[in-house]
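Okay, here's what each chain looks like letter by letter:
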Amino acid sequence: MLQWFLRHSYRYRSYLIFGLVMIPIVQFFRIVRPTIIKWVLEAVEKGQGAENLALALDYVLLFMICIVINFVLQALQVLATSYAGLNIVKNIREELFDHILKLPFVFFHSKNSGQIIIRLTSDVEAVRAALSGGLVRVVGDCLAIVGILSILLHMNWRLTLYVVIAIPILLKVTAWIGRLIREGMTSAKRLLSQMTTAVSEAIGGLEVIHGFSQQQSVLAEFNKLSRRYTEKYHELNNVEPTFYGFVEFMGSFLLACIIFDGTSQIHAQTLSFAELVAVVTYVQSIMHPIRHLTGMFNNLQNAWTSMQRIFNIMGESEEAEVNQQPALEASEVSRLKPALEFRDVKFSYGEELVLKSLNFSIKPGEKVAIVGRTGAGKSTIIKLLNRFYSPCSGEILLDNHSLENIPVTSLRERIGFVLQDVYLFSGSVQQNLSLFEERFNQASAEQVKILKNSGFLTLLGQELKDVEHNGENFSLGEKQLVAFGRVYTKNADIFLLDEATSNVDVRTEQFLQNQLNLFLKNKTAIIIAHRLSTVRHVDRILVLKEGQVVEQGSYQELVSKRGEFFEYFRHQYKDLAI
Ligand SMILES: Nc1ncnc2c1ncn2[C@@H]1O[C@H](COP(=O)(O)OP(=O)(O)OP(=O)(O)O)[C@@H](O)[C@H]1O
Ligand SMILES: [Mg+2]
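Quantities reported herein were computed from a predicted structural model and do not represent experimental measurements.

Student: Where do I start with the overall build of the protein in this structure?
Tutor: A count of helices and strands for the protein gives 21 helices and ten strands. What you see for the protein is a C-alpha radius of gyration of 36 Å, clearly larger than the 25 Å of a compact globule of 578 residues, by over 25%. When its C-alpha atoms are laid out on the principal axes, the protein stretches across 120 × 50 × 50 Å. When burial is assessed residue by residue, the protein has 30% of its 578 residues classed as buried. Residue pairs at least 24 apart in sequence account for 79% of intrachain contacts in the protein once pairs closer than 6 positions are excluded.

Okay, structure coming up:
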């Protein structure tokens with residue numbers, strides 16, 4: 001993890017090194033101040049002469065110069081570390097999202113969107129806070145404590161003894177409070193991610209919630225989380241002031257002891273008044289870093305756990321790496337014939353097998369329909385062909401080469417698909433057809449022209465309106481049309497259509513059917529459909545039942561066989577009067 005982090009930090013090393021080098025310098029100009037006060041007082045103590053006064057004034061001037069230098073150097077230090085922190089975190093965030101996009105689908109089964117959003121936002125922010133100053137302050141504070149203690153020891157060991165006794169107690173309490181706050185923060189963060197998920201699910205399912213009048217129960221669930229989150233923060237808020245109060249008390253008690261002992265030492269003439277003032281000022285200034293150390297230490301620990309969580313995601317193997325090194329070159333893949341084969345494929349999403357020993361093959365250019373009851377595993381076949389998942393056993397082959405041996409991106413370039421749930425991105429229809437890709441845009445410009453000429457785009461309405469979030473301003477059928485156009489504009493030669501026309505009206509379907517016949521010429525296609533009218537014109541139909549092919553043949557063969565296929569479509573036959 002450290003290596004990964006250092007790799008990101010390397011580019012901004014000069015800023016970070018500057019920040020670190022500045023730490024002792026800034027601290028020097030801070031802790032030297034009480035000593036200068038001591039010099040001023042000693043000069044005053046010497047007598048009323050003009051010479052002493054001038055000396056005192058010189059020291060005051062030195063004091064002012066120290067303040068200014070301290071201010072300027074500290075500002076530069078903050079600027080440098082903030083700049084480095086912001087940029088390192090920007091790169092981490094971008095790399096993390098890039099990695100998330102490449103993770104295999106199985107990863108997302110165990111995660112909700114809230115958790116992932118928190119990783120990209122609040123966890124990344126915790127790392128930024130630590131980098132942009134937290135780390136520098138903690139090191140600076142520690143250095144200040146050590147520096148002040150050595151000066152005190154040099155000035156008066158007896159008075160230093162009080163401080164030395166008090167510091168371990170304070171640090172012990174600090175560590176204990178730190179643990180309490182850290183644990184509290186972890187559960188608060190968990191609640192925050194649950195709230196984020198609840199909100200995103202509620203917005204996604206708004207229509208169902210309204211339709212079934214479930215606002216109250218959704219609200220109650222959210223309020224429960226919100227209450228627990230507030231309670232957690234209340235607990236945390238109570239802890240900190242109590243702790244600060246304790247530090248304040250300890251500080252004042254310590255000062256009282258020091259002044260008491262110091263006065264008796266002045267009496268015994270073993271300590272000067274100026275020295276006592278300097279000691280008191282030092283003790284006061286040592287309290288400041290000790291008090292802040294808790295908060296800062298917490299931030300650092302927070303950042304550490306956040307970084308571990310980010311790194312855990314970064315450690316997940318990317319889709320392409322999950323399988324062994326692909327054996328074929330991209331150029332070889334583009335020359336493979338579009339012939340598909342499932343050889344004894346078994347697959348399960350979890351415990352139960354969805355595909356049980358699935359066997360079938362499709363010749364280049366063949367159009368095959370897959371029919372079967374809901375949950376039979378039809379869409380799963382499409383997902384396996386796209387390598388969204390890998391089979392548990394058996395092999396899927398493209399032109400006799402196992403998909404395992406084919407680079408995922410080259411494989412997907414050969415495939416065009418319409419999934420059952422169409423997803424549209426915000427933007428124009430044009431962008432949704434080309435999926436925002438410049439290269440793709442040019443290659444498919446011709447295709448878009450054909451789409452326009454064929455009247456396909458006019459099916460979406462005269463004015464092509466822009467797509468809003470998740471295509472909410474499009475009807476299901478319109479969404480399917482866009483998805484259909486998307487695969488149309490992709491120059492692939494294997495087409496996987498999962499219920500691609502299930503939501504369009506019969507006339508539009510007929511239009512698409514005609515288009516499809518032209519468009520699927522010389523292409524291999526798997527067409528999944530529940531409508532008889534869609535599967536009638538294909539070369540071969542596979543009937544899938546409980547993860548196996550139980551029947552296959554041409555439409556006429558299956559109808560005359562009167563088996564599973566006939567049973568399955570019995571009601572639709574009547575409608576079609578066959
Ligand atoms: N992501 C998933 N995690 C776990 N189980 C899943 C997942 N996706 C699908 N399944 C299960 O796998 C089985 C097959 O699903 P699949 O989507 O392939 O069915 P289908 O034949 O396409 O059905 P439909 O006709 O309703 O679209 C179902 O029992 C389903 O519950
Ligand atoms: Mg399906």
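Student: Is there a simple way to think about the packing of helix H6 (residues 113-155) against helix H7 (residues 157-204) in this case?
Tutor: Helices that pack against each other are described as a pair by the angle of their axes relative to one another and the distance between those axes. H7 packs onto H6 with a crossing angle of 175° between their chain directions and a minimal axis gap of 12 Å. The orientation of H6 relative to H7 falls into the category roughly antiparallel. Contact residues: Ser-113, Gly-114, Gln-115, Ile-117, Ile-118, Ser-122, Leu-149, Leu-152 and Leu-153 in H6; Trp-157, Leu-159, Thr-160, Val-163, Lys-189, Leu-192, Ser-193, Gln-194, Thr-196, Thr-197 and Ser-200 in H7. Residues of the contact of H6 with H7, tallied by class, amount to nine nonpolar, ten polar and one charged.

Student: It is not clear to me how the sheet that holds strand E5 (residues 401-402) should be interpreted in this structure. Could you clarify?
Tutor: By way of backbone hydrogen bonds, the strands of a sheet pair with one another, either parallel or antiparallel. Across the sheet, which stays open at both edges, the four strands sit in the order E2-E1-E4-E5 with antiparallel pairing between neighbours. Either end of the sheet is taken by a strand with one partner, and the two such strands are strand E2 (353-362) and E5. Sheet analysis places strand E4 (residues 393-398) next to E5, joined by two bridges and oriented antiparallel. Among the inter-strand pairings, Leu-398 is bridged to a residue of E5, identified as His-401.

Student: I'm lost on H6 in this one. Help?
Tutor: Helical geometry note: an α-helix holds 3.6 residues per turn, so side chains three or four residues apart project in the same direction. With 43 residues, H6 extends 59 Å from end C-alpha to end C-alpha; this agrees with the ideal 63 Å at 1.5 Å per step. Maximum bend of H6: about 50°, positioned at Leu-131.

Student: Sorry, what's going on with the site of ligand 1 here?
Tutor: Taken together, Tyr-349, Gly-350, Val-354, Gly-372, Thr-374, Gly-375, Ala-376, Gly-377, Lys-378, Ser-379, Thr-380 and Gln-420 make up the full set of residues adjacent to ligand 1. A per-element tally of the shell around ligand 1 places helix H13 (residues 378-385) first, with three residues. Among the residues forming the shell around ligand 1, the class breakdown is three nonpolar, eight polar and one charged.

Student: Explain the pairing of strand E10 (residues 548-553) here, please?
Tutor: Looking along a regular strand, one sees side chains alternate from face to face of the sheet. Sheet analysis places strand E9 (residues 540-545) next to E10, joined by five bridges and oriented antiparallel. The partner of Val-543 across the bridge, within E10, is Glu-551.

Student: How should the domain arrangement of the protein be read in this particular structure?
Tutor: How large an interface is tends to be reported as the accessible area lost when its parts come together. Considered domain by domain, the protein is made up of domain 1 (12-314) and domain 2 (330-570). The centre of domain 1, based on its C-alpha atoms, is set 57 Å off from the matching centre of domain 2.

Student: Even after reading the chapter, I still don't get the packing of helix H4 (residues 50-102) against H6, so can you show me in this structure?
Tutor: Running from amino to carboxyl end, H4 crosses H6 at an angle of 155°, the nearest separation of the two axes being 8 Å. On the basis of the axis angle, H4 is roughly antiparallel to H6. Classified by chirality, the crossing of H6 by H4 is right-handed. Of the residues in the contact of H4 with H6, the class split is 15 nonpolar, six polar and three charged.

The rules behind these values
Residues numbered from 1 in each chain as written. Chains lettered and ligands numbered in written order. Predicted model: local features only at pLDDT ≥ 70, side-chain atom pairs only at ≥ 80, totals over all residues. Helix = DSSP H or I, 4+ residues; strand = E, 2+ residues; numbered from the N terminus. Rg over C-alpha atoms; globule rule 2.2 N^0.38 Å. Buried ≥ 20, exposed ≤ 12 C-beta atoms within 10 Å, placed from the backbone. Contact = placed C-beta atoms within 7 Å. Axes fitted to C-alpha atoms, helices over the stretch in contact; angles between N-to-C directions. Parallel < 35°, antiparallel > 145°, perpendicular 65-115°, else oblique. Nonpolar A, V, L, I, M, F, W, Y, C, P; charged D, E, K, R; others polar. Pairing = 2+ DSSP bridges. Expected span 1.5 Å × (residues − 1). Bend = angle between axes of the 7 residues up to and from the residue. Near = placed C-beta within 6 Å. Domains from an automatic or database assignment. Left-handed = near helix turned anticlockwise from the far one by under 90°.

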